[in-house]
Amino acid sequence: MVSKNVTVRNKEGLHMRPAGLVTKEMTKFHSTVHFIYGDKKINAKSVMNLIAGGIKCGSEITIECDGDDEQEALNRAADMIENELQE
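These numbers come from a predicted model, not from an experiment.

Engineer: Can you help me understand the side chain of Asn10 in this one?
Structural biologist: Structurally, the position occupied by Asn10 is in the loop between β1 (2-7) and α1 (16-26). Among the residues examined, Asn10 registers a relative accessible area of 2% and is labelled buried. Within the structure, the side chain of Asn10 is placed 2.8 Å from the backbone nitrogen of Glu12, a separation counted as a polar contact.

Shown next, in the form of structure tokens:
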């Protein structure tokens, strides 16, 4: 298992559009991908779970990946959260 702490930079947090983009990308990986936010462990391959997680702008989350392509999944998820989901 690999993990990394990142800060959500999207002004609106992980609402419907960015959550959908993250989910679509994470389903390409065989590894499990979870976002840890507070006391919540959120399945990043479920758009409804991401939205229900209530992750807001400025929140620090931990991305946790486990599986045969865990490092690639972690790198992609971190890049999306930190750089690609700006509005």
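Engineer: Would you explain the side chain of Asp69 in this entry?
Structural biologist: By secondary structure assignment, the location of Asp69 is in the loop between β4 (60-66) and α3 (70-84). No salt bridge forms around the buried Asp69; measuring N to O, its nearest opposite-charge neighbour Lys45 is 6.6 Å away. For Asp69, the side chain forms a polar contact with the main-chain nitrogen of His30, separated by 3.0 Å. Discounting chain neighbours no more than four positions away, the residues touching Asp69 are Phe29, His30 and Ser31.

Engineer: What should I look at first to understand the environment of Phe29 in this one?
Structural biologist: With respect to the secondary-structure elements, Phe29 resides in the loop between α1 and β2 (32-37). When its relative accessible area of 15% is taken as the criterion, Phe29 is described as buried. Along the primary structure Phe29 and Lys11 are separated by 18 residues, whereas in three dimensions their C-alpha atoms are 27 Å apart. Excluding residues that lie within four positions of it along the chain, Phe29 makes contacts with Lys45, Asp69, Glu72, Ala73 and Arg76.

Calculation criteria
Residues numbered from 1 in each chain as written. Predicted model: local features only at pLDDT ≥ 70, side-chain atom pairs only at ≥ 80, totals over all residues. Heavy atoms only, no water. Helix = DSSP H or I, 4+ residues; strand = E, 2+ residues; numbered from the N terminus. Buried < 20%, exposed > 50% of the residue type's maximum accessible area, 1.4 Å probe, protein only. Polar contact = N/O pair within 3.5 Å; in protein donor to acceptor, adjacent residues only side chain to side chain. Lys, Arg positive; Asp, Glu negative; His and termini not counted. Salt bridge = Lys/Arg side-chain N within 4 Å of Asp/Glu carboxyl O. Contact = heavy atoms within 4.5 Å.

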